[in-house]
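Results of the structural survey
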Amino acid sequence: MNKAKFLVSKPKNGVGGFVFQCRKIEFNYCERSGSSRGMIEYFKTKLIPFAKRNPQIEIIVTPRPSKHPLVRGTYLNEMQKDICVKNLDPKEIDKYVQLIRDNTGYKAKSRFKKPVISTTPSVRGIWSPFNTRPHII
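This is a predicted model, so every value here is computed, not measured. (Residues numbered from 1 in each chain as written. Predicted model: local features only at pLDDT ≥ 70, side-chain atom pairs only at ≥ 80, totals over all residues. Heavy atoms only, no water.)

Brief notes about the overall build of the protein
For the protein, the helix and strand inventory stands at three helices and four strands. In the protein, the order of α-helices and β-strands from amino to carboxyl end is β-α-α-β-β-β-α. A buried classification covers 26% of the 137 residues belonging to the protein. Here the contacts in the protein between residues at least 6 apart in sequence split such that 67% fall between residues at least 24 apart. When the accessible surface of the protein is summed, it comes to about 11300 Å², and 57% of that surface belongs to carbon and sulfur atoms. (Helix = DSSP H or I, 4+ residues; strand = E, 2+ residues; numbered from the N terminus. Buried < 20%, exposed > 50% of the residue type's maximum accessible area, 1.4 Å probe, protein only. Contact = heavy atoms within 4.5 Å. Areas by Shrake-Rupley, 256 points an atom, 1.4 Å probe, with all protein chains shown as cover.)

Written out as structure tokens, the structure reads:
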């Protein structure tokens, strides 16, 4: 008997099926504004191929009169990420849409959690509240 026939991978995110964290992308634009020109061109050229490549993401296109164009991503953890795309061409808008699609929705965490430790002592010495005024009891 060969043991390799009975080995089965455990289901984890990324091992069997991958679940995108982005649930919905909403495009807001103004039909009359010049700042939405790139967004309207993006709709004509790149939005339909993007929607066909990503059927798991809900795509919503909504006019928003007298406002700058906006791309809003909603994630599975109910967080939202908004990016203003005023006066951008369709290639730049496509980069931001890919960024929203690939993002997880969580805020960026600080990478440095350790305090700064110096190897040389301070010229002034260690600060104390007793250095400035005499202590009155």
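Quick notes on the side chain of T74
Relative to the helices and strands, T74 is located in strand β3 (residues 70-75). Of the residues examined, T74 reaches a relative accessible area of 4% and is grouped as buried. Among residues more than four places away in sequence, those in contact with T74 are Q21, C22, R23, K24, M79 and Q80.

Quick word on the packing of aromatic side chains
As enumerated under the stated definition, the model contains three aromatic pairs in all. A ring pair is formed by F27 and Y42, whose centres lie 5.9 Å apart and whose planes are at 40°; its orientation type is tilted. Remark: Y42 occurs in helix α1 (residues 37-45) and F27 occurs in strand β1 (residues 22-29); sequence separation between them is 15 residues. Classification of Y42 by relative accessible area gives buried; the value is 0%. Three or more aromatic residues link up through ring pairs in this structure, and these residues are F27, Y29, Y42 and F43. (Phe/Tyr/Trp six-rings, centres within 6.5 Å; stacked < 30°, edge-to-face > 60°.)

Remarks on the pattern of salt bridges
According to the stated counting rule, one finds three salt bridges in the structure shown. Put simply, R23 and E78 hold a salt bridge, and the shortest N to O gap is 3.6 Å. Here the residue R23 occupies a position in strand β1, and E78 occupies one in the loop between β3 and β4 (80-84), the gap between them amounting to 55 residues. For E78, a relative accessible area of 56% corresponds to the exposed category. Residue R72 is joined to D82 by a salt bridge in which the shortest nitrogen-to-oxygen separation is 2.9 Å. Of this pair, R72 sits in strand β3 while D82 sits in strand β4; the two residues are ten residues apart in sequence, bridging distant segments of the chain. Judged by relative accessible area, which is 44%, D82 ranks as partly exposed. (Salt bridge = Lys/Arg side-chain N within 4 Å of Asp/Glu carboxyl O.)

Description of the sheet that holds strand β2 (residues 58-63)
The strand order β2-β1-β3-β4 describes an open sheet built from four strands, whose pairing is mixed. Strands with a single pairing partner mark the edges of an open sheet, and in this sheet they are β2 and β4. With strand direction ignored, the average angle separating the axes of adjacent strands in the sheet is 15°. Judged from the five bridges that link them, β3 and β4 form a sheet pairing that is antiparallel. (Pairing = 2+ DSSP bridges. Axes fitted to C-alpha atoms, helices over the stretch in contact; angles between N-to-C directions.)

A look at the pairing of β3
Looking along a regular strand, one sees the side chains alternate between the two faces of the sheet. Most of β3 sits out of view: six of its six residues are buried. Pairing geometry for β1 and β3, over six bridges, is antiparallel. Bridge pairing in β3 places I25 opposite G73. Connecting β3 to the next strand, β4, in antiparallel fashion are four residues, including E78 with a positive phi near 65°.

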